[in-house]
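Below are the chains, spelled out letter by letter.
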Amino acid sequence: MGGMHGGDTAAGGRGHGRKRIRIAAVADLHMRESARGRFGPALRESGEHADLLLLAGDLTDGGTPEEAELLCAELAGVPVPMAAVLGNHDHDRRQGYRIAAALAATGVRVLDGTATVFEFGEVRVGVAGVMGGSGGFPGHTGDPDSGSAEHRERYRRGPADALRLRAALDCLDTDVRIALMHFSPVRATLAGEPVRILPGLGCAELGAAADAGRADLVLHGHAHGGVEYGETPGGVPVRNVSYPVIRAPYRVYEVG
């Protein structure tokens, strides 16, 4: 049985009469020993349903090299091109660079304030990626100047990564632009999460960057208790592809 769980025509792109590209996406795999084999079989069949696989962070449970090895075993043999961003848990042991290197060795393009281009015949799909961070949303701004050092660092990273995302999107000259991140760029996909933690789950400036950078689709994770569907203030489709939300090894969206 394949990993596709439903489908969604998420974005129109800027071309007309072109082939539609199928994007498989998932976040929050939280790979650990107890999850061994949970995703690999479906991901290795993803070529039946998708042209590209995007991974939106928290790919390991605690950021250990052992978990990275398990993750790469799940991704081995995936028949479509892949790109990823890391999430906060991938940095738990401050070894995110090792996880990124392991993913790269497996064939995954790891993005961090950068962009990459995939070509599918005449259609060029650009993906710009950041981890993102906290920062909150109108009415839910939180306090960036109190709490732990980690808390303050996440609040600084949200707006900073928004600037990096905008720059990465701006460098893309492609038919379709996708913004890939871990933290949420909008309040809408956080529906169902406790109100008190909303400021820590994302940053409105990420959504503004997606609008300004003319993204056609935004993908994120992190919000395990949120919902799948939302959009930016400018009307760009936003999809929360956290595994606990989509309850499938990946979800497929069409763009083009």
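Residues numbered from 1 in each chain as written. Predicted model: local features only at pLDDT ≥ 70, side-chain atom pairs only at ≥ 80, totals over all residues. Heavy atoms only, no water.

- Labelled according to an unreviewed UniProt entry, the chain appears under the name Calcineurin-like phosphoesterase domain-containing protein, originating from Nocardia wallacei.

## Regarding the nonpolar core
Next up, step 1: Leu53, Leu75 and Leu103 are the most contacted members of the largest nonpolar core, which totals 27 residues.
Next up, step 2: Looking at this core, the elements with two or more residues in it are strand S2 (21-26), strand S3 (52-56), helix H2 (65-75), strand S4 (82-85), helix H3 (96-105) and strand S12 (250-255).
Next up, step 3: A total of four residues in this core trace back to one element, the largest contributor, which is H2.
Next up, step 4: Counting 23 residues, the second-largest nonpolar core is a separate cluster that includes Ala25, Ala27, Val125 and Ile178. (Core = buried A, V, L, I, M, F, W, Y, C linked by side-chain atoms within 4.5 Å. Buried < 20%, exposed > 50% of the residue type's maximum accessible area, 1.4 Å probe, protein only. Helix = DSSP H or I, 4+ residues; strand = E, 2+ residues; numbered from the N terminus.)

## As for H3
Next up, step 1: By the burial criterion, the buried members of H3 are Gly96, Ile99, Ala100 and Leu103. Down the axis of H3, the sector holding all buried residues measures 100°, keeping them to one side. Residues of H3 that are exposed and point over 90 degrees away from its buried face: Tyr97 and Ala105.
Next up, step 2: Buried-residue contacts for H3 involve H2 and strand S5 (108-110). (Arc of directions from axis to C-beta. Contact = heavy atoms within 4.5 Å.)

## Concerning the packing of helix H4 (residues 149-170) against helix H6 (residues 204-212)
Next up, step 1: Where H4 contacts H6, the axes come no closer than 8 Å and their chain directions differ by 10°. By the angle class used here, H4 and H6 are roughly parallel. You can see that H4 and H6 cross each other, and the crossing is right-handed. Residues Gly158, Pro159, Asp161, Ala162, Leu165, Arg166, Leu169 and Asp170 of H4 form the contact with H6, whose participating residues are Glu205, Leu206, Ala209, Ala210 and Ala212. (Axes fitted to C-alpha atoms, helices over the stretch in contact; angles between N-to-C directions. Parallel < 35°, antiparallel > 145°, perpendicular 65-115°, else oblique. Left-handed = near helix turned anticlockwise from the far one by under 90°.)

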